[in-house]
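Working through the structure, step by step
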Amino acid sequence: MRRARRIAMASAAALLGAFAVAAWAQPPQSSPRAGVSELDPQIRGSSSDTPMGEEGRRLFEEGCSSCHGFDGAGVPGQGPSLRGAGEAAADFSLRTGRMPLDQVGEQPLRGEPRYGDDQIRALDAYVGSLGPGPAIPRVRPDRGSLSEGMRLFTETCAGCHGIGGKGGVAIGAYAPPLGEATPTEVGEAIRVGPYVMPRFSEAQLDQADLDSISRYVRLTRDPNDAGGFGIGHIGPVPEGLVAWFAAIAALLLIARLIGERSDSDRGRA
Amino acid sequence: MIRRLLLPAAAAELVIAALLGLAGLAGLAFVALYAFDGGDTQLLGVALALALGLIGAALLVASRTAFKQRQVEEDRPEFAVPGEASRREDAIEDATETARAGLDGVTRRRLLGAAGAAAGLGLGAAALTPVASLGPRVGKLLGESPWHEGTALVEENGLPLRAGELEVGSFITAFAEGADKRDLAAAVIVVRVEESELELPPERRDWAPLGLLAFSKICTHAQCAISLFRYPSFPERSPGPALVCPCHYSTFDVLTGGNRVFGPAVRSLPQLPLRIDAGRLVAASELSGPVGASWGGVREA
Amino acid sequence: MIRRAVAFLDQRAGAGSALGKALRYVFPDHWTFLFGEIALYSFLILVGTGIYLTLFFEPSSSSIVYHGSYAPLHGQEMSKAYASALDLSFEVRAGLLIRQVHHWAALVFLAAIVVHLMRIFFTGAYRKPRDLNYYVGLTMLILAVVEGYAGYSLLDDLLSGMGLAIGNAVALSIPAAGGQLATLIWGGRFPGAGAFFSRLYIAHVLVFPALIASLMALHLALIAIPRHTQFRGRGRSEANVVGTPLWPGYALRSLGLFFCVGAVLFALGGLVQINPIWQWGPYEPYLGTNGAQPDWYLGWLIGALRLMPHLDVAIGGYTLIPNPFWGGVLFPAVVFGFLYAWPATERRLEGDRAQHNLLDRPRDNPRRTAIGAALFAWVATIFFAGAADRAFVQLGVPYEGQLWGYRAASILFPIAAYLIVRRVCERLRKDDGHPGRGSGARVLARNREGGFEELPAGRAPGAAGADRG
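Here the structure is a predicted model, which means the values were calculated and not measured.

**Considering the sheet that holds strand β10 (residues 271-272) of chain B**
Residues and elements named next belong to chain B. Strands sit in the order β2-β3-β4-β5-β10 across an open sheet of 5 strands; the sheet is antiparallel. The strands lining the two open edges of the sheet, one partner per strand, are β2 (153-154) and β10. Relative to strand β3 (residues 171-176), β2 runs antiparallel, the two being bridged by 2 bridges. By the bridge assignment, Leu-153 is partnered in β3 with Ala-176.

Right, dumping it as structure tokens:
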């Protein structure tokens, strides 16, 4: 009876430990509708007079104007004005599924895009036509410098997103992990500054910098793990879990095998 | 489990020998991997772990089988047994007497004792005093700052920071021109907000030309570098513009001049007054407060 | 051949009788008595791997430009310390293995000490005559924590550099003496003079290991002299010790454990990555990263620093007690102060000044076990609070809400732990006195006619009165 209870407790502890390590080693959370949009299409600009422009206006009025207002002027308390937001803002929000937003006031999170590629292009064009704003950048990671990228990322991005791009706390907001971001999305976010993220113009971070930063972001998806299993790449927390639930657990077990147990040696002369 | 190994002695010895032999092979494998495989960390680790583990297993098996197991009983030393302590009175008395006897012949014990204490105090004070020579200078050391009226702001590459480089909602790290970048007081974080958003106190009204604000980059709680800038694109439904420290999440409101709004920091973030000089950003005066964590010499506003 | 060796020693050191005694020395066999050995063997591996690392590491904060084989840091400016750590990881064959084994050994060393401390506490092993040894052990724990912190800070990577900045702030926060103390240690304001790294290095490779090793020798001597404690059992008393002689039984088992500790540490060192400093990048005082954490044994301090509300003590504008003092100094001082004071406190509480060589099971002293559980619950709650940011990122629980939850928990959990554990211990003791009660067993007694009849539920056999003839 006692033995069974102990085995049960030991198994529960081991399971809890394994769960803890697994939970920490998981890629961090996204919204329930999480999906990967690996599309990196070429964007052709257009004005709102063309057939695509008409389509864009129509889609906008249907799906976006309730919060962003007709003509994208914004609705107080609901959604910001998109005049001057630029096609990059629309493209980023739509391709990552952040927009349309389910709940006003909540932070927009990555999810399944609600529009198809053609529709997104149309909407991008429409929003871009509302006023001068960042164009969709052409980001080529292979043209960037990895070491420049790491340096820029450390100085500019790591404070929120973490040096390994695994996400972080921003008090009042969540800086998401970057594992699913395409190079274009990285460039767009830098130019646009979505939600509470700061934004950076060409004067501060030029095209070469975008290439370098996105090249580093690409590295963080598959970093150099010369030391073995990476356990989540977030540092001492999973390391501590392994030290306790793998090493100490194993050594306690070995000690138990080596030594005596009270109920068996009690009564030994 | 090992205890219940019901191996006959001869078989056990063969098992032990086999384990030791395999351990030897694992050790040689380590050497081979090192010499010929370029030292793959994982394989090297496994080889050594096997070598050590197999020896360990051999020893544990040996301790339970091939070698005789006996349980014996032994008495504890007298002093350690409850109740026996009183029997130790003789030994304690003996040692105490020996110690006391050494003092025989010394008559003025109190006088000598007091004099010895005085000597000790004096010497101790003398030994500790040189630490105090850090004293008056500590405040100066910890309070030093390279920022004065007219000190230019430069980027990490040393080039002057131009006002036009930052757009609204942007931030950059800058340093005092000519200062060591590792000097805690030299690093500032420059942010840009809409001029209309500013809520600076009256005496700081002209500290933020074009909505550009500069603050010490070093958190006043525990000295980490403040590397988060939060700037909402829709202020109505998001938290306001702020600088956040990644260590313990102290949050400073930039619009009011660096007041703490969340987290364990107490002192507000020191602000550097700015002015624009031929398109470049330049300090208009010194930082508004001491840089870094608080200590005894720090005055709070 | 054995005879020759013994004769050799006896003729030169008179060691014959001492050797005989040593070989016959009796160790009690309980498995929980091996925890201290796990710590000891981890320490030995730390020293061995550490010596290897000192052959390659350069403890200098002077800057160089990196041109080694790790591409993302090519052309970057960094300290020589960091660069030499990168070289150890990528250029020195087996260097990364030894580095990782060393770091894993440090984590396991501290975890083993904590498990050992808990065993000592909950079995009352710190009672006279072993309270002195208990103080020695606690001191080693403090030294080990500082030693570990110094060790991983030597590498000058982004994470540990941030940790040093915080350490400096905590030193500054000590009332009256803080400014002087921090300036003295660092040689100026943070990040300090070049000499600071040399000091840190000498502290880590010489001063602290020497202190710990000396205390360990004292610790072992203070165990050997009165002999090890033992649990109660047949044939065991306060005046004897029952167990296995050192030779051959115990020596082989102990040596086997050493090799197993080595095996576990080398397996981890080869297979599971730890502190990949190349992924963090070099430290500069003006750089920071989200999600930076210290090694696990400092997690309780980061939790305390984050949980503590923004209070400080300022008089007339001068700061008397800055905020980091509460979490960084006062909290560990209270915890260790309590642990140091506990043996004397318990003696006073229980009025028990006798020597004890027999151990209590945790249930045998419900108050002690409950107090220990409460202290542990308090520290553990604050410890987990330190990882609240990762819980937010991984699991979505709002950070600000977690802070308030942990603050409440840090008061409620210890109280609950005390009450629950005390109740459980008392219940277990009662069950011990009446085995079978509550287990569904039925009690039979002989009746007058010579047959058996069942007693009413709850009645113990031999209860006074009605059942006996």
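Text resumes after the structure shown.
**Observations concerning the pattern of salt bridges**
Should the charged atoms of two oppositely charged side chains come close, the side chains can pair. Within the structure shown, the criterion is met by 33 salt bridges over all chains. Here Arg-182 of chain B ties to Glu-284 of chain C by a salt bridge, and the two come within 3.0 Å at their closest N and O atoms. Here Glu-284 of chain C lies in the loop between α11 (277-280) and α12 (299-307) and Arg-182 of chain B lies in the loop between β3 and β4 (187-192), a pairing that spans two chains. Judged by its relative accessible area of 21%, Arg-182 of chain B is partly exposed.

**Re the packing of aromatic side chains**
All names here are of chain C. Tallied over the entire structure, the rule returns 39 aromatic pairs over all chains. Summarising the aromatic geometry, the rings of Trp-31 and Phe-35 are spaced 5.7 Å apart at their centres and angled 80° between planes, so their arrangement reads as edge-to-face. Classification of Trp-31 by relative accessible area gives buried; the value is 15%. A relative accessible area of 7% means that Phe-35 is categorised as buried. Their ring planes at 15° and their centres at 4.8 Å tell us that Trp-186 and Phe-196 sit as a pair that is stacked. Here Trp-186, found in helix α8 (residues 178-186), pairs with Phe-196, found in helix α9 (residues 195-224); they are 10 residues apart in sequence, far enough to count as distant. Pair check on accessibility: Trp-186 and Phe-196 agree, each one buried. One aromatic cluster is present, built from ring pairs that chain together Phe-121, Phe-122, Tyr-126, Tyr-134, Tyr-135, Phe-338, Tyr-340 and Trp-342.

**A short note on helix α15 (residues 388-395) of chain C**
All names here are of chain C. Among the 8 residues of α15, 7 are classified as buried, and the element is accordingly described as predominantly covered. Residues of α15 that are buried include every one of Ala-388, Asp-389, Arg-390, Ala-391, Phe-392, Val-393 and Gln-394, and no others. Count one or two residues on from α15 and you reach Gly-396, which has phi positive near 85°.

**Overview of the nonpolar core**
Grouped together as the largest cluster of nonpolar side chains are 124 residues, with contacts concentrated most on Trp-104, Tyr-134 and Leu-339 of chain C. No other element matches the 18 residues that helix α5 (residues 95-122) of chain C contributes to this core. Dropping the residues within four chain positions of it, Tyr-134 of chain C is found in contact with Leu-117, Ile-120, Phe-121, Tyr-126, Leu-339, Trp-342 and Pro-343 of chain C. Formed by 107 residues, the second largest nonpolar core is a distinct cluster that contains Ala-181 of chain A, Cys-224 and Leu-243 of chain B together with Ala-169 of chain C.

**A word on a negative patch on the surface**
A surface patch of negative charge is lined by Glu-89, Asp-90, Glu-93 and Asp-94 of chain B. Look at Glu-89 of chain B and you get partly exposed, because its relative accessible area is 45%.

**A short note on the sheet that holds strand β5 (residues 240-245) of chain C**
If you walk across this open sheet you meet the 3 strands as β1(B)-β5(C)-β1(C), and the pairing is antiparallel. Only two strands of the sheet have a single partner each, and these edge strands are β1 (72-75) of chain B together with β1 (26-27) of chain C. Pairing geometry for β1 of chain C and β5 of chain C, over 2 bridges, is antiparallel. Counted as the bridge partner of Phe-27 of chain C is Thr-244 of chain C from β5 of chain C. Sheet strands in contact with helix α10 (residues 246-271) of chain C are β1 and β5 of chain C, and its direction is about 75° off that of β5 of chain C.

**Remarks on the interface of chain C and chain A**
The interface is formed by 68 residues belonging to chain C together with 65 residues belonging to chain A. Of all residues in chain C, Trp-31, Asn-290 and Gln-394 of chain C bury the most surface against chain A, accounting for 13% of the area lost on that side. The interface formed by chain C and chain A holds 20 residue pairs in polar contact (both at pLDDT 80 or more) in total. Counting residues per element, the ones that place at least two in the side of chain C that touches chain A are α3 (35-54), α5, α7 (158-172), α10, α11, α15 and α16 (399-433) of chain C. Across the side of chain C that touches chain A, the residue classes break down as 38 nonpolar, 18 polar and 12 charged.

Reading the values: the criteria
- Residues numbered from 1 in each chain as written.
- Chains lettered and ligands numbered in written order.
- Predicted model: local features only at pLDDT ≥ 70, side-chain atom pairs only at ≥ 80, totals over all residues.
- Heavy atoms only, no water.
- Pairing = 2+ DSSP bridges.
- Helix = DSSP H or I, 4+ residues; strand = E, 2+ residues; numbered from the N terminus.
- Salt bridge = Lys/Arg side-chain N within 4 Å of Asp/Glu carboxyl O.
- Buried < 20%, exposed > 50% of the residue type's maximum accessible area, 1.4 Å probe, protein only.
- Phe/Tyr/Trp six-rings, centres within 6.5 Å; stacked < 30°, edge-to-face > 60°.
- Core = buried A, V, L, I, M, F, W, Y, C linked by side-chain atoms within 4.5 Å.
- Contact = heavy atoms within 4.5 Å.
- Patch = residues over 30% accessible without salt bridge, like charges linked within 9 Å, V, L, I, M, F, W, Y side chains within 5 Å.
- Areas by Shrake-Rupley, 256 points an atom, 1.4 Å probe, with all protein chains shown as cover.
- Lys, Arg positive; Asp, Glu negative; His and termini not counted.
- Charge placed at Lys NZ, Arg CZ, Asp CG, Glu CD.
- Axes fitted to C-alpha atoms, helices over the stretch in contact; angles between N-to-C directions.
- Buried area = accessible area lost by both parts, 1.4 Å probe.
- Polar contact = N/O pair within 3.5 Å; in protein donor to acceptor, adjacent residues only side chain to side chain.
- Nonpolar A, V, L, I, M, F, W, Y, C, P; charged D, E, K, R; others polar.

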